[in-house]
Amino acid sequence: MKRTLLIILFTAFTYSCFAQTYISFVPSITNSPGTVAEKSNLSFELGRQWDVFSLGLDIGKTSLGKNYGRDTTVYLEVRPNLNIFQQGRFTNTLTPGVGCIFNAKETLVTEFTSGIEYTLSPLIHINIYFGQYYYSGNISASTTTFFGLSIMKYFAPSHAKALLSGKKSGDK
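All figures in this text were calculated on a predicted structure; none of them were measured in a lab.

Participant: Can you help me understand the side chain of Thr62 in this one?
Facilitator: Within the fold, Thr62 resides in the loop between β3 (53-61) and β4 (74-87). A relative accessible area of 17% means that Thr62 is categorised as buried. Other than its neighbours up to four places away in sequence, Thr62 contacts Glu38, Ser40, Asn41, Thr72, Thr73, Tyr75, Ile101 and Tyr135.

Participant: How do you make sense of empty space enclosed by the protein when you look at a structure like this?
Facilitator: Vacant regions in the atomic arrangement are exposed by a probe of water-molecule size rolled over the atoms. Per the stated rule, a full pass over the model turns up 2 cavities of 30 Å³ or more. Taken together, 20 residues line the largest cavity, and the ones lying closest to its centre are Arg79, Asn81, Thr95, Asn127 and Met152. Breaking the lining of the largest cavity down by element, the ones donating at least two residues are β1 (20-30), β2 (40-50), β4, β5 (90-101), β6 (108-119), β7 (124-136) and β8 (141-154). Considering every element that reaches the lining of the largest cavity, the biggest residue donor is β6, with 4 residues. Classifying every residue of the lining of the largest cavity by side-chain character gives 5 nonpolar, 12 polar and 3 charged. There is about 40 Å³ of room inside the second largest cavity. In terms of lining, the second largest cavity is formed by Val26, Ser43, Asp58, Tyr75, Glu77, Arg79, Glu111, Tyr129, Tyr133 and Phe146.

Participant: Which parts of the structure should I look at to understand the pairing of β8?
Facilitator: The side chains of a regular strand alternate, residue by residue, between the two faces of the sheet. When β1 meets β8, the two strands line up antiparallel, connected through 7 bridges. Each bridged residue has a counterpart across the sheet, and for Thr30 the counterpart in β8 is Phe146. In this sheet, β8 lies alongside β7 in antiparallel orientation, the contact comprising 13 bridges. When the sheet's bridge partners are listed, Ile124 is paired in β8 with Lys153. Between β7 and β8, which follow one another and run antiparallel, lie 4 residues.

Participant: So what exactly am I meant to see when it comes to the packing of aromatic side chains here?
Facilitator: How two aromatic rings sit relative to each other is set out by the distance from centre to centre and by the angle between their planes. For the coordinates displayed, the defined rule picks out 7 aromatic pairs. Clustering of aromatic rings is evident, with ring pairs tying together Tyr129, Tyr133, Tyr135 and Phe146.

Participant: Could you clarify how one ought to interpret the pairing of β5 in this entry?
Facilitator: With burial as the criterion, only one face of β5 is covered, namely that bearing Thr91, Thr93, Thr95, Gly97, Gly99 and Ile101; the residues Phe90, Asn92, Leu94, Pro96, Val98 and Cys100 on the opposite face remain uncovered. When β4 meets β5, the two strands line up antiparallel, connected through 9 bridges. The residue of β5 that forms the bridge with Leu82 is Leu94. The hairpin turn running from β5 into β6, its antiparallel successor, is 6 residues long, and Asn103 in that turn takes a positive phi close to 65°.

Participant: Help me out: how do you make sense of the nonpolar core in this one?
Facilitator: In globular proteins that are soluble, nonpolar side chains generally tend to be buried together. Counting 9 residues, the largest nonpolar core is built from Val26, Tyr75, Ile101, Ala104, Val109, Tyr129, Tyr133, Tyr135 and Phe146. Looking at this core, the element that brings in the most residues is β7, giving 3 residues. With near-sequence residues (within four places) excluded, Val26 lies in contact with Asn41, Leu42, Ser43, Glu45, Tyr129 and Ser150.

Participant: Looking at this model, I keep getting lost on the environment of Leu55. Mind explaining?
Facilitator: By the element assignment, Leu55 lies in strand β3. Here Leu55 falls in the partly exposed class, since its relative accessible area comes to 37%. Separated by 42 residues in the primary sequence, Leu55 and Gly97 place their C-alpha atoms 9.8 Å from one another. Leave out the neighbours within four places in its chain, and Leu55 touches Tyr22, Leu46, Gly47, Arg48, Trp50, Val78, Arg79 and Pro80.

The rules behind each value
- Residues numbered from 1 in each chain as written.
- Predicted model: local features only at pLDDT ≥ 70, side-chain atom pairs only at ≥ 80, totals over all residues.
- Heavy atoms only, no water.
- Helix = DSSP H or I, 4+ residues; strand = E, 2+ residues; numbered from the N terminus.
- Buried < 20%, exposed > 50% of the residue type's maximum accessible area, 1.4 Å probe, protein only.
- Contact = heavy atoms within 4.5 Å.
- 1 Å grid on protein atoms, 1.4 Å probe; cavity = no way out; pocket = protein on both sides within 12 Å on 5 of 7 lines; lining within 4 Å.
- Points joined across faces, edges and corners; volume = space filled by probe spheres on them.
- Nonpolar A, V, L, I, M, F, W, Y, C, P; charged D, E, K, R; others polar.
- Pairing = 2+ DSSP bridges.
- Phe/Tyr/Trp six-rings, centres within 6.5 Å; stacked < 30°, edge-to-face > 60°.
- Core = buried A, V, L, I, M, F, W, Y, C linked by side-chain atoms within 4.5 Å.

The structure is reproduced here in structure tokens:
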């Protein structure tokens, strides 16, 4: 049993070493009613990327409007992301997400997002994205669409490899 657990931990650690760590600033605006501040969302995401798949933890606010009483806008979300198609410096992204809004009537949040990411440099990426948030609670549910622009900073440059040959991209 110990040996199996050690093999699993070693494999997970080894696989994790091939990942890039990133942080992302993620502002957006929804089509919900209210002032510009009430329609504005802001979050930060910290995650790891393995080739075309990444997994991030997103913390933010569903609205930047003024709160009266308890703050019901803070959320925490897990966001897996898949890079669907890449052409040059552009990448099409697909992100489903699931999380929790603290102290809100509709505590469950799920999202479905698509975007176009541009590689400004090996360490800086910009993503124009759009999608839909689904909120759900015990007695109510709602949905809203959103549009945003995120800036992602990687802590180390990518060393992408072809999936089959094991060579770095661009090697002959």
